[in-house]
Amino acid sequence: MLLTIIVFILILGLLVFVHEFGHFFVARKLGVGVEEFGLGFPPRIFGIKKNNTIYSLNWIPLGGFCKIKGEEGDESTEKDSFVSKRIRVKIAIISAGVIMNVFLAFILFSIVFVIGFPQVINEKTIQGAKKISQAQIQIMAVSKNSPAEKADIQLGDTFLEMDHQKIEEVSMFQNYVQKNSKKEIAIKIKRGNKIFEKKIQPEFSEKVNKKIIGVQLVKIGTISYPWHKSILLGAEFTYSTTIEIIKAFCSLIKNLFIHQTLSADISGPIGIAVMTKQMINLGLNYVILFAGMLSLNLAIINFLPFPALDGGKVAFLIVEKIRRKPINQQIENISHGIGFILLMLLVVIVTYQDIAKFSGKILAAIKRLF
């Protein structure tokens, strides 16, 4: 429980801190003043002022914040004020946080490929691999009404033996089933920390015109790569995962507006904490991968064109560029205020959904704590 809380705080803290550091770094590079850059959130423990910027350490250890001079529309006459700068400079500063979160995800994914991560073992994945370990045959699918389903073989089970013969390749399994299709086959599987033995009689399938037990197998193993290969794989994985997350968000928004339904797969802080515990149980590589996925999700959510988010602020700037005159600052501030309230309402709804979904695990964790 304590380890989960610590890792949860470290992950969220890292994601927010990196995001805010992006705003801070680009603002300073483009000549915009930063009034305060804080590690953690107020109340403040202490602060040191240097070059007109307060560098503070705060009590709430969840990331940090960057207070940019003139961001609220004030101090427009001062040269180093955000509001006095050109639109392209403003967009660069606002977008920097999102870019940093994407870059962090790329770094984390690259580290995962160096450490090693479970993948399907095939010609593509082993190309340039440094090390392959913990290879095993795993069940990826179980056909409906098949002998395997009737024997309670489940997705994710690991195949160990067939009639006391060790299975090391998918082809070995397929060949053995065909050669012994007339008799009952003793199959040993591993599920979690438990080992089961099932006796299954292969049955004829018209679909494939041969006898089967009804499982789809794949060989997986922990594959690690040299650092230079890992960088390329990290970049590819960042790109492909970003596309998939965007598609998922489009589907989510579509369901929200058309069907007025909120997917049960959405998770808030409680859900993320529960998933953090699951990742810790799986190992360090899963924790790093999870942090990278969260960083990408944060980047994409934050760049949605919705008031109070960075994407909403960029949208206002684009409208200002098209109109060729500034938007009323009071109207923009009110819009961001309303957007923030709506986002907090969404957080409350998602948190309630998390509590309902994970109530059993939450109660069990509280009992263990006390």
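Look up a bit, the structure's there.
Residues numbered from 1 in each chain as written. Predicted model: local features only at pLDDT ≥ 70, side-chain atom pairs only at ≥ 80, totals over all residues. Heavy atoms only, no water.

Participant: Explanation requested: the overall build of the protein chain in the structure shown.
Facilitator: Helix and strand counts for the protein chain come out as 10 helices and 11 strands. Burial status across the protein chain gives 38% buried among its 370 residues. In the protein chain, once contacts between residues fewer than 6 apart in sequence are set aside, the share between residues at least 24 apart is 65%. Roughly 22,100 Å² of accessible area belongs to the protein chain as shown, and the carbon and sulfur atoms make up 63% of that amount. (Helix = DSSP H or I, 4+ residues; strand = E, 2+ residues; numbered from the N terminus. Buried < 20%, exposed > 50% of the residue type's maximum accessible area, 1.4 Å probe, protein only. Contact = heavy atoms within 4.5 Å. Areas by Shrake-Rupley, 256 points an atom, 1.4 Å probe, with all protein chains shown as cover.)

Participant: I tried to follow the pairing of strand β7 (residues 185-191) on my own but got confused; where do I start?
Facilitator: Moving residue by residue along a regular strand, the side chains alternate between the two faces of the sheet. Both strand β5 (residues 158-162) and β7 contribute to a ladder of 4 bridges, which runs antiparallel. The partner of T158 across the bridge, within β7, is K190. Count of turn residues in the β7/strand β8 (residues 194-200) antiparallel hairpin: 2 residues, of which G192 carries a positive phi of about 70 degrees. (Pairing = 2+ DSSP bridges.)

Participant: How do you make sense of the environment of G38 when you look at a structure like this?
Facilitator: You can see G38 is positioned in strand β1 (residues 34-50). Since its relative accessible area comes to 0%, G38 is described here as buried. Along the sequence, G38 and G64 sit 26 residues apart, while their C-alpha atoms lie 5.2 Å from each other. With residues up to four places along the chain from it excluded, the contact list for G38 reads S56, N58, G63, G64 and F65.

Participant: Explain the pattern of salt bridges here, please?
Facilitator: As a working rule, side chains carrying opposite charge can pair if their charged atoms are close by. Under the definition given, this model contains 12 salt bridges. Its salt-bridge partner being D80, residue K69 comes within 2.9 Å of it at the nearest N-O pair. Of this pair, K69 sits in the loop between β2 (53-68) and α2 (87-115) while D80 sits in the loop between β2 and α2, and the two are 11 residues apart along the sequence. What makes D80 partly exposed here is its relative accessible area of 29%. One salt bridge connects K183 with D163, and the closest N-O pair in it is separated by 2.6 Å. Here K183 is found in the loop between α5 (170-179) and β7, whereas its partner D163 is found in the loop between β5 and β6 (165-166), with 20 residues between them in sequence. By relative accessible area, which is 18% here, D163 ends up buried. Within the structure, one salt-bridge network assembled from shared partners comprises K69, E78 and D80. (Salt bridge = Lys/Arg side-chain N within 4 Å of Asp/Glu carboxyl O.)

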